[in-house]
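Coordinate inspection notes
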Amino acid sequence: PLPEYSPAVVIGTGYGAAATALRLGEAGISTLMLEMGQLWQDPGPDGNVFCSMLKPDRRAMWFKQRTEAPLASFLWLDLANHDIDPYAGVLDRVNFGDMSVYLGRGVGGGSLVNGAMAVTPKRSYFEEILPRVDADEMYRRYFPRANAALGMNEVDRNWFETCRSYQYARVSRKSAEKAGFRTAFVPSVYDFEYLKREEAGTAERSALASEVIYGNNHGKRSLDRTYLAAALGTGRVTIQTLHEVREIIQQPDGSYTLVVRETDPYGAVLATRHVTTRHLFLGAGSLGSTELLLRARETGRLPRLPEAVGQGWGTNGNVMLGRANHAWDTTGSLQSGMPALGIDNWHDPVHPVFAEIAPVPAGLETWVSLYLAITKNRERGHFTYDPASDSAKLQWSAAQGQPSVDAAKALFDKINSANRTIYRHDLFGDTRPFENRFTYHPLGGLVLGEATDDYGRVKGYRNLYVTDGSLIPGSTGVNPFVTITALAERNIERVLAEDVRA
Ligand code: FDA
């Protein structure tokens, strides 16, 4: 049962939340984590905790009638998606008009569903986006700390060159190099030694069994196995699942009372409960934390919240595309679901792009090279509060996604022309070659130094903190979870010393 009081409460169990809870627990502070999703540990009827992309069931998605996979079609056929029963599944796609946001739901947040790429941003770009954060300290102390606790590892280069599961990446590398572009290896929190054993047939397959966006049954060091396991191990941290925080109320003594909705995995509300805390940490992700504070401001619960709440949101410039390979350039039927290589053209002065070479884990030859490009799109969206639905609505127009497409096109036009290849037009439901109507990397909404001070303390209120991706101003230039984790490590160290222990 939910206690009436906890000295510290962390909302969510994603990257920022998990790092924060571990450090609170280590400092001896009793900490309650509230997570609206499930704990993913019990096998379903098929013996697995998670379902695969090829045979999705209700475990795949958060209360949907049909799965909504990012590759909507193949040869214009809707092959990837299946009807499912609405259930508290692991991947959510929140649809706002011109932009849909994918996110993880469950103990571990995005770590349950993501591609495990653990990338530290280029220092010069980090300094550009967060100029008031001491980059020296970040690169010396907090990025290494985050990478170590996350279990980051690198692929064995010799194995990479000869294995079957990254043939698709080698084909993409060859075509990039032919156009004069460089590729870079991408570290991962998927255990590459395990992956090797999957290919050798000595371990049960996960990344090699088309498992990724609906969870991995093996091999992945998701937060429930790293930060959260360590947090629970302090004996000071507890996690309540299927508990969604709806409202934040401040008491006259400065403490915070949360209105929490307890549900079952079929969506029925079991109870509405209250828990009060002295120190409240928001780690519900860019959408979740921003909505909580926007609602609090707009309903008058926390009226002193600044104007910056709900501003400065971006997609990390995400755009997805596919190229058609020549018949002789087979990518293979066995493709690792965990990317290990990216095309690094971030130094381009006009169109910086870091394009992760993504798998098409269809289990058969597709002659497709797929990419998730991260571009430097300066457009920002914002959230408005909709009283009718009591929710935050993202304001982002299709036109704001165009700079991402322009940047990706500049790079891939060159790759296509050097290789005499073309774009695929059949992958995204209609004939568009570039898909920029979704993001995997929602960032911002409660930007560091604007909605909060330089350490994530919310302006206007004491003992109220933001820990997650909403602190980052819309872009990191690489996949974001290492940045989110390292920033959370930095901020909690300061907050523990100055606010909590004091
Ligand atoms: P995160 O979103 O992880 O966690 C928030 C948690 O809070 C969720 O568990 C949610 O259920 C919970 N919550 C929300 N509202 C709540 C409420 N009101 N009450 C209680 N709980 C609430 N990044 C990367 O670096 N490398 C990669 O390879 C990938 N790949 C990738 C693939 C896919 C398919 C996705 C969807 C995303 C990625 N990402 C990624 C992005 C990465 O996963 C993402 O940036 C982080 O998970 C964000 O971490 P946060 O701490 O911000 O919150």
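Data block above holds the structure.
Residues numbered from 1 in each chain as written. Predicted model: local features only at pLDDT ≥ 70, side-chain atom pairs only at ≥ 80, totals over all residues. Heavy atoms only, no water.

**Some thoughts on unusual backbone geometry**
- Positive phi values are uncommon outside glycine, yet F63 reaches one of about 50°.
- Along the chain, F63 turns up in the loop between strand 2 (31-34) and strand 3 (91-96).
- A relative accessible area of 30% means that F63 is categorised as partly exposed.
- For N463, which is not a glycine, the phi torsion comes out positive at approximately 60°.
- Positionally, N463 belongs in the loop between strand 20 (443-445) and strand 21 (464-466).
- Residue N463 is classed as buried on the basis of its relative accessible area, which comes to 11%. (Helix = DSSP H or I, 4+ residues; strand = E, 2+ residues; numbered from the N terminus. Buried < 20%, exposed > 50% of the residue type's maximum accessible area, 1.4 Å probe, protein only.)

**Examining empty space enclosed by the protein**
- Applying the stated criterion across every chain yields a total of four cavities of 30 Å³ or more.
- Taken as a whole, the largest cavity encloses approximately 50 Å³ of empty space.
- Around the largest cavity sit T20, F281, Y455, G456, Y465, V466, T467, A488, N491, I492 and V495, which together line it.
- Those elements giving two or more residues to the lining of the largest cavity turn out to be strand 21 and helix 10 (481-500). (1 Å grid on protein atoms, 1.4 Å probe; cavity = no way out; pocket = protein on both sides within 12 Å on 5 of 7 lines; lining within 4 Å. Points joined across faces, edges and corners; volume = space filled by probe spheres on them.)

**Let's talk about the site of the ligand**
- Not every one of the 37 residues close to the ligand is listed here, only the nearest: E35, G110, M117, G469 and F481.
- G106 has a polar backbone atom sitting 3.2 Å from an oxygen atom of the ligand.
- In the environment of the ligand, an oxygen atom lies 2.8 Å from a nitrogen or oxygen atom belonging to the backbone of G110.
- In the complex, the protein chains occlude 95% of the 1000 Å² of accessible area that the ligand would expose alone.
- At the level of elements, helix 1 (15-26), strand 4 (99-104), strand 7 (243-250), helix 8 (285-298) and helix 10 are the ones that each hand at least two residues to the shell around the ligand.
- Residue composition of the shell around the ligand, grouped by class: 16 nonpolar, 17 polar and four charged. (Near = heavy atom within 4 Å. Polar contact = N/O pair within 3.5 Å; in protein donor to acceptor, adjacent residues only side chain to side chain. Areas by Shrake-Rupley, 256 points an atom, 1.4 Å probe, with all protein chains shown as cover. Nonpolar A, V, L, I, M, F, W, Y, C, P; charged D, E, K, R; others polar.)

**What about the nonpolar core?**
- With 155 residues, the main nonpolar core has Y166, L258, L293 and I343 as its most contacted residues.
- Take this core: its biggest share by element is ten residues, from helix 10.
- If near-sequence neighbours (up to four positions away) are discounted, L258 is found in contact with V9, I11, L34, V245, E247, I248, R273, H274, V275 and L280. (Core = buried A, V, L, I, M, F, W, Y, C linked by side-chain atoms within 4.5 Å. Contact = heavy atoms within 4.5 Å.)

**Regarding the pattern of salt bridges**
- A complete count under the given rule lists 39 salt bridges for this structure.
- Put simply, K64 and E68 hold a salt bridge, and the shortest N to O gap is 3.4 Å.
- What makes K64 buried here is its relative accessible area of 12%.
- For E68, a relative accessible area of 22% gives the class partly exposed.
- The closest approach of N and O atoms between D191 and R221, which form a salt bridge, is 3.6 Å. Pair noted here: D191 is in the loop between strand 5 (183-185) and helix 6 (192-200) and R221 is in the loop between helix 6 and helix 7 (227-233), with a separation of 30 residues, a long-range link.
- Counted as one network, the salt bridges with shared partners bring together E244, R246, R261, E291, R295 and D390. (Salt bridge = Lys/Arg side-chain N within 4 Å of Asp/Glu carboxyl O.)

**Concerning the packing of helix 3 (residues 135-150) against helix 10**
- At a minimum axis distance of 8 Å, the contact between helix 3 and helix 10 shows a crossing angle of 115°. When the axis of helix 3 is compared with that of helix 10, the two are roughly perpendicular. As for how helix 3 packs across helix 10, the hand of that crossing is right-handed. Contact with helix 3, carried on its side by E137, M138, R141, Y142, F143, R145, A146, N147 and L150, involves F481, V482, T483, T485, A486, L487, E489, R490 and E493 of helix 10 and no other residues of that element. (Axes fitted to C-alpha atoms, helices over the stretch in contact; angles between N-to-C directions. Parallel < 35°, antiparallel > 145°, perpendicular 65-115°, else oblique. Left-handed = near helix turned anticlockwise from the far one by under 90°.)

**Brief notes about the environment of Y194**
- Looking at the element boundaries, Y194 is found in helix 6.
- Sequence-wise, Y194 and V495 are 301 residues apart; in three dimensions their C-alpha atoms are separated by 38 Å.
- In this view, Y194 contacts A203, E204, H218 and G219; residues no more than four positions away in its chain are not counted.

**With respect to the pairing of strand 11 (residues 318-324)**
- Burial analysis of strand 11 places seven of its seven residues in the buried class, the great majority of the element.
- Relative to strand 14 (residues 368-375), strand 11 is paired through seven bridges, and the arrangement is antiparallel. Paired with L321 across the two strands is Y371, which belongs to strand 14.
- Both strand 11 and strand 18 (residues 434-435) contribute to a ladder of two bridges, which runs antiparallel. Bridged to M320 within strand 18 is E435. (Pairing = 2+ DSSP bridges.)

**As for the packing of aromatic side chains**
- One pass over the structure, following the stated rule, counts 21 aromatic pairs.
- With a centroid separation of 4.9 Å and 80° between ring planes, the pair formed by W62 and F63 is classed as edge-to-face.
- Since its relative accessible area comes to 13%, W62 is described here as buried.
- Relative to F143, the ring of F126 lies with its centre 5.7 Å away and its plane at 80°, an arrangement referred to as edge-to-face. Remark: F143 occurs in helix 3 and F126 occurs in helix 2 (residues 123-129); sequence separation between them is 17 residues. Pair check on accessibility: F126 and F143 agree, each one buried.
- A network of ring pairs unites the aromatic residues W159, F160, Y166, Y168 and F185 as a single cluster.
- It is R58 that lies over the ring of Y87; its NZ or CZ is 4.1 Å from the centre. (Phe/Tyr/Trp six-rings, centres within 6.5 Å; stacked < 30°, edge-to-face > 60°. Lys NZ or Arg CZ within 6 Å of the ring centre and 35° of its normal.)

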